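# Examining the three-dimensional arrangement
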Amino acid sequence: MIPKNFEFKESDFQKDFDLSQKDRRTVFHAISNINNKEVIIQTFKGFSKSSEMEQFLLICDTFSKIRNETIVPFIGYWCNESEGSCSLITECMKNYSLKDLYLNGETEWFNFTRRIIFLYGIAYGLNFLHKNSILHRNLNLSNILISSKREPKLTNFEIPSLFNFDINTISDDKLIFMAPEIIEEQKYSVKSDIYSFGVVAIVLMLNNTKILDEKLSGPSLIEKIKNGLFTSLSPLIPNCMH
């Protein structure tokens with residue numbers, strides 16, 4: 001049962017601007033009419049069955065119990081049954097994500113020591129989720145946010161479980177972080193999360209996304225992942241993958 005203090009109404013927030021929109025999900029920046037704080041709201045549409053909305057509420061119940069310095073704080077939710085939509089509210093990270101960091105080229109402060117600290121923080125957060133029997137399922141540069149103190153914050157874990165998995169609807173820049181067994185539509189596991197962490201670690205150690213751009217070019221990315229996308233980087237990697 002989700003505590004009442006996590007339940008809000010749409011009128012409690014003033015929409016500011018859209019951040020992204022794709023398929024059934026819209027993400028936007030908003031201001032709370034209650035305390036004037038900035039928040040991020042994700043609205044999911046197309047819940048045609050009560051079981052789908054119940055799954056969303058189960059995820060919110062999980063979020064409401066999580067308190068960890070490496071996890072983006074959960075603020076609350078609201079559901080609109082007549083429209084078949086639900087919204088998830090989290091704290092706003094003004095520095096946005098690691099993906100934004102590299103896209104904007106603002107990496108002057110992101111030296112080797114800072115990158116090691118980030119990797120430790122991401123690993124710590126992932127371990128916290130796993131110890132609480134939670135799989136992230138969606139670890140990539142977009143879902144690692146940067147706090148005002150320039151520390152990593154994980155977000156959007158468990159969200160993929162809301163939707164039927166369709167490999168053809170996932171963009172290549174997210175697909176490249178997925179483990180081969182997920183591409184082959186096998187069961188998601190802790191190992192799948194660790195694979196995604198490994199890809200994040202490669203990007204942070206090289207301190208650029210060129211390796212991803214190189215892997216995205218050429219033949220089918222799906223086939224590349226199935227055949228071992230990063231095994232050519234080091235003789236150690238094939239041994240670690242078995």
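Residues numbered from 1 in each chain as written. Predicted model: local features only at pLDDT ≥ 70, side-chain atom pairs only at ≥ 80, totals over all residues. Heavy atoms only, no water.

## With respect to the pattern of salt bridges
Considering all chains together, one arrives at 7 salt bridges under this definition. Between D18 and K15 there is a salt bridge; the shortest N-O distance is 3.1 Å. Put simply, K65 and D61 hold a salt bridge, and the shortest N to O gap is 3.1 Å. Residue classification places K65 among the exposed positions, given a relative accessible area of 61%. Looking at D61, the relative accessible area reads 13%, which means it is buried. (Salt bridge = Lys/Arg side-chain N within 4 Å of Asp/Glu carboxyl O. Buried < 20%, exposed > 50% of the residue type's maximum accessible area, 1.4 Å probe, protein only.)

## Description of the nonpolar core
Ranked by internal contacts, the top residues of the largest apolar core, which has 59 residues, are F56, L98, L204, L212 and F230. When residues of this core are assigned to their parent elements, the largest contribution, 8 residues, is made by helix α6 (residues 190-206). Judged by nonpolar contacts, the second largest core, of 8 residues, contains F8, F28, I41 and W78. (Core = buried A, V, L, I, M, F, W, Y, C linked by side-chain atoms within 4.5 Å. Helix = DSSP H or I, 4+ residues; strand = E, 2+ residues; numbered from the N terminus.)

## Side note on the confidence of the model for the protein chain
When pLDDT is averaged along the protein chain, the result is 87, and 90% of the positions lie at 70 or above. The weakest mean pLDDT in the protein chain belongs to helix α9 (residues 236-240) at 48; the strongest belongs to strand β7 (residues 152-154) at 97. (pLDDT = per-residue confidence, 0-100.)

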